[in-house]
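A closer look at the structure
Residue-level listing of the chains:
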Amino acid sequence: MMTMNEFRSLFHNGLIKQNTGLVQLLGLCPLLAISNNVINALSLGLATTLVMAASSGAVSGVRHFVPNEIRIPVFVLIIAVLVTVIDLSMNAFVHPLYLVLGIFIPLITTNCIVLARADAFAAKNRPLQSVVDAIAMGLGLTLVLLVLGAIRELAGKGTLFSGIDLVFGEAAKGWVLHVLPNYQGFLLAILPPGAFIALGLLIAANNWYKARTVQRARVTVPAAA
Amino acid sequence: MTSQIQLALKNALRTGTILFVFALIGTAMLAYTHGRTEPTITRGQLAEKRTLLGQVMPATLYDNDLLASQQSVPPDDLLGTRQASALWLARRGGQFSGVVLEAVAPDGYSGDISLLIGIDANGTVTGVRVTAHRETPGLGDYIDRAKSAWIDQFSGKSLTNPEPKHWKVAKDGGVFDARAGATITPRAVVKAVNSALDYFARHRAAFAAPPKKEPDA
């Protein structure tokens, strides 16, 4: 159903070339709100990936039945239904996980990346490709969230993985890394402005890296330029 | 001209019907999920509430069904409530042994801080928990038991211990410590616990009265 090349290019697209956090700059609301530590970032990233995979698959499955004029309301409806179903089911059947991720699930509805992928990709492609694309995009977002979370947590509190006990239980309390002992804390990094500053630096680094790659390619293969 | 209108109408009817069908399927899915999950969710919420009550009221203090003893009380300035709130009466051997109050600290750094306060029959705090707050993450959120044990220092305190002029955070000359840089949050909590004790003192007689057979207000 899907060649290795296709698979690879979808992942390259989602993780690097069209990364939602660094390149498309979509879904910044939850990105900025939740990235104040590694555990929150990872939880939100994975929850978003799950919702995106489900909604992209569903949208792709019904794409032939949806007239162009009403595609946005139908996609919004599908996403809303799916998010609510996931929210209720997690609350009922995996309650401990829900206690950790619960607050993030409604937040996902504010993430336009879910609708963007449904409209830009899933509405035009087969279900398998759409699900893979959604997972790749979700993982790309998770990656940026993780880096952002790590930067902010390190700069803000001098730790990594604080709050891990909320996910893995009381025993995990010892897994918190105190990278900088006796750190006084840097509040700005944890507050929302810290998210903007850190994300700005990340985007700048990504752009610099891309510009350099292009320049190198020019030097080595003049014909390509 | 009429054929154009007819075509437009036909088209609108077609897309409308499709949208309607999708809405119908969506609603059916939601209704089904709701029906399947609701009993489990309600049970989970009750269990959670019971655990929470157990954290502020030690099990040795009561032998009644605490959750079933819920009563509603009108809003009161001392509780900081603007709407009716709940309280739970603890009894042991039929004797009044304590109460769990819902209270609100309205003057937190960022909005209301909802509290659950356990008080025994002598007016001594048995436990306090923050149930909802919007204080700054990493700064004012240490009042949450999941983040630090700060809230435990209220246990064993009463209106006379410490004396009223020391019912303050350390920075204001009281006995309750607070972290540097975040004093507004603990100040609000200390004040709310103190006035909840005051509320208890004024209503103790009503709490201690034998249970009446009347439906909850």
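As shown above, the structure is provided for reference.
Rules of the game
Residues numbered from 1 in each chain as written. Chains lettered and ligands numbered in written order. Predicted model: local features only at pLDDT ≥ 70, side-chain atom pairs only at ≥ 80, totals over all residues. Heavy atoms only, no water. Contact = heavy atoms within 4.5 Å. Buried area = accessible area lost by both parts, 1.4 Å probe. Salt bridge = Lys/Arg side-chain N within 4 Å of Asp/Glu carboxyl O. Polar contact = N/O pair within 3.5 Å; in protein donor to acceptor, adjacent residues only side chain to side chain. Helix = DSSP H or I, 4+ residues; strand = E, 2+ residues; numbered from the N terminus. Phe/Tyr/Trp six-rings, centres within 6.5 Å; stacked < 30°, edge-to-face > 60°. Buried < 20%, exposed > 50% of the residue type's maximum accessible area, 1.4 Å probe, protein only. Expected span 1.5 Å × (residues − 1). Core = buried A, V, L, I, M, F, W, Y, C linked by side-chain atoms within 4.5 Å. Pairing = 2+ DSSP bridges. Axes fitted to C-alpha atoms, helices over the stretch in contact; angles between N-to-C directions.

**Quick notes on the interface of chain A and chain B**
- In this complex, chain A contributes 25 residues to the contact, which on the side of chain B involves 20 residues.
- Here chain A packs against chain B, burying approximately 1,900 Å² in sum over the two surfaces, 80% of which is carbon and sulfur.
- Looking only at chain A, the three residues that lose the most surface to chain B are Ile70, Val81 and Leu88 of chain A, adding up to 22% of its buried area.
- Connecting chain A to chain B are zero salt bridges.
- Counting the contacts that link chain A with chain B gives zero residue pairs in polar contact (both at pLDDT 80 or more).
- At the level of elements, α5 (71-93), α6 (95-101) and α11 (187-190) of chain A are the ones that each hand at least two residues to the side of chain A that touches chain B.

**A few points about the packing of aromatic side chains**
Residue and element names in this part refer to chain B.
- The tally for this structure, following the rule as stated, stands at nine aromatic pairs over all chains.
- Plain terms: the ring middles of tryptophan 150 and phenylalanine 154 are 5.6 Å apart, the flat faces sit at 85° to each other, and that makes the pair edge-to-face. Grouping residues by exposure puts tryptophan 150 and phenylalanine 154 together as buried.
- In this structure an aromatic cluster arises from ring pairing among Tyr142, Trp150, Phe154, Trp167 and Phe176.

**Thoughts on the pattern of salt bridges**
- One pass over the structure, following the stated rule, counts 10 salt bridges over all chains.
- Here arginine 71 of chain A ties to aspartate 119 of chain A by a salt bridge, and the two come within 2.7 Å at their closest N and O atoms. Here arginine 71 of chain A is found in helix α5, whereas its partner aspartate 119 of chain A is found in helix α8 (residues 112-120), with 48 residues between them in sequence.
- Taking relative accessible area as the criterion, arginine 71 of chain A reaches 26% and is therefore assigned partly exposed.
- For aspartate 107 of chain B, the salt bridge is made with lysine 191 of chain B, and the minimal N-O distance between the two is 2.9 Å. Of this pair, aspartate 107 of chain B sits in strand β3 (residues 95-108) while lysine 191 of chain B is found in helix α2 (residues 184-208), placing the two residues 84 residues apart along the sequence.
- Residue classification places aspartate 107 of chain B among the partly exposed residues on the basis of a relative accessible area of 31%.
- Salt bridges linked by common partners bring Arg129, Arg145 and Asp152 of chain B together as one network.

**As for helix α9 (residues 127-157) of chain A**
- Over its 31 residues, α9 of chain A extends 43 Å from the first C-alpha to the last, a length consistent with the 45 Å expected when each residue adds 1.5 Å.
- Downstream of α9 of chain A by one or two residues, glycine 158 of chain A has phi in the positive range, about 75°.

**Focus on the nonpolar core**
- Core analysis: the largest hydrophobic core is formed by 41 residues, its most contacted members being Leu31, Val74, Val114 and Leu199 of chain A.
- Among the elements that make up this core, the one with the highest residue count is α5 of chain A (eight residues).
- Ignoring any residue separated from it by four or fewer positions in sequence, one finds valine 114 of chain A in contact with Val51, Met52, Ser55, Ile79 and Ile108 of chain A.
- Ala103, Tyr142, Val193 and Tyr199 of chain B belong to the second largest nonpolar core, which has 37 residues in total.

**Details of the environment of glutamate 6 of chain A**
Residue and element names in this part refer to chain A.
- By secondary structure assignment, the location of glutamate 6 is in helix α1 (residues 4-17).
- Since its relative accessible area comes to 28%, glutamate 6 is described here as partly exposed.
- Each C-alpha atom of the pair glutamate 6 and isoleucine 113 lies 22 Å from the other, and the pair is 107 residues apart in sequence.
- Every residue in contact with glutamate 6, bar those within four places of it in the chain, is listed here: Arg126 and Gln129.

**Some points on the side chain of threonine 81 of chain B**
Residues and elements named next belong to chain B.
- Relative to the helices and strands, threonine 81 resides in the loop between β1 (70-73) and β2 (85-92).
- From its side chain, threonine 81 meets the backbone nitrogen of aspartate 76 in a polar contact 3.0 Å long.
- Apart from the residues lying within four places of it in its own chain, the contact partners of threonine 81 are Pro75, Asp76, Glu102 and Val104.

**Let's talk about unusual backbone geometry**
- With an omega of 0°, the peptide bond running from asparagine 161 of chain B to proline 162 of chain B counts as cis.
- If you trace the backbone, proline 162 of chain B turns up in the loop between β5 (125-132) and α2.

**Observations regarding the sheet that holds β2 of chain B**
Residues and elements named next belong to chain B.
- Taking strand neighbours across the sheet as the criterion, the five strands line up as β1-β2-β3-β4-β5 in an open arrangement whose pairing is antiparallel. This sheet does not close on itself; its edge strands, each paired only once, are β1 and β5. Direction aside, neighbouring strands of the sheet carry axes that sit 25° apart on average.
- Strand direction decides the pairing type here: β3 and strand β4 (residues 111-120), joined by nine bridges, are antiparallel. Bridge pairing in β4 links leucine 101 to isoleucine 117.

**Observations concerning the pairing of β3 of chain B**
Residue and element names in this part refer to chain B.
- Across the 14 residues of β3, 10 count as buried, placing the element largely inside the fold.
- Pairing between β2 and β3: six bridges, direction antiparallel. Bridge pairing links arginine 91 to phenylalanine 96 in β3.
- Hairpin connection of β2 to β3: two residues between the antiparallel strands, including glycine 93 at a positive phi of 55°.
- What sits between β3 and β4 in their antiparallel hairpin is a turn of two residues.

**A look at the environment of glutamine 153 of chain B**
Residue and element names in this part refer to chain B.
- Examined against the element boundaries, glutamine 153 turns out to sit in the loop between β5 and α2.
- Using a relative accessible area of 19% as the deciding quantity, one classes glutamine 153 as buried.
- Glutamine 153 sits 24 residues away from aspartate 177 along the chain, and the two C-alpha atoms are 8.8 Å apart.
- Each residue touching glutamine 153, except ones within four places of it in the same chain, is listed here: Val175, Phe176 and Asp177.
- One polar contact links the side chain of glutamine 153 to the main-chain amide nitrogen of aspartate 177, over a distance of 3.4 Å.

Any functional reading would require information beyond the geometric quantities listed.
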